[in-house]
Amino acid sequence: MGLELQLVEQVEQRERATVQHRPEDAARIEEEIEELTEEMARTAEQVAKADAESPVIDAPEAGTVALGEQAAGGYGLGHPLQGDPEGGPA
């Protein structure tokens, strides 16, 4: 179960314990909530650190065509249907 769901479940259990006048259980559950909250913070910090360290890739967006291919009507320069890139016939 994910940390968020565990946290929600623990909060609900704490509320039930409080309503049912079980302060010892509520206190124990509160400690578990604090542990889950700390674990979520550590996980978020690790994700943020990994994102900051990941390389940035400078590439065209998916679905775009390189400029040379656009100029050649969708075929790369030198493609048999476009002729020789040096200007001669194919």
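Residues numbered from 1 in each chain as written. Predicted model: local features only at pLDDT ≥ 70, side-chain atom pairs only at ≥ 80, totals over all residues. Heavy atoms only, no water.

Caption draft 1: Seen up close, the overall build of the protein. Within the protein one finds three helices and zero strands. In the protein, the succession of α and β elements from N to C terminus is α-α-α. Residue burial in the protein is summarised as follows: out of 90 residues, 11% are buried. Pairs at least 24 residues apart make up 29% of the contacts formed inside the protein by residues separated by at least 6 positions. About 7,300 Å² of surface is accessible on the protein, with carbon and sulfur atoms providing 55% of the total. (Helix = DSSP H or I, 4+ residues; strand = E, 2+ residues; numbered from the N terminus. Buried < 20%, exposed > 50% of the residue type's maximum accessible area, 1.4 Å probe, protein only. Contact = heavy atoms within 4.5 Å. Areas by Shrake-Rupley, 256 points an atom, 1.4 Å probe, with all protein chains shown as cover.)

Caption draft 2: The arrangement of helix H1 (residues 3-19) in detail. Spanning 17 residues, H1 covers 24 Å between terminal C-alpha atoms, matching the ideal 24 Å at 1.5 Å per step. Among the residues of H1, Leu3, Leu7, Gln10 and Ala17 are the ones counted as buried. Around the axis of H1, the buried residues are gathered within 85° of arc, so they sit on the same side. Residues of H1 that are exposed and point more than 90 degrees away from the buried face comprise Glu4, Leu5 and Val19. In this structure, the buried side of H1 is in contact with helix H2 (23-53). With its phi angle positive at about 60°, histidine 21 sits one or two positions after the end of H1. (Expected span 1.5 Å × (residues − 1). Arc of directions from axis to C-beta.)

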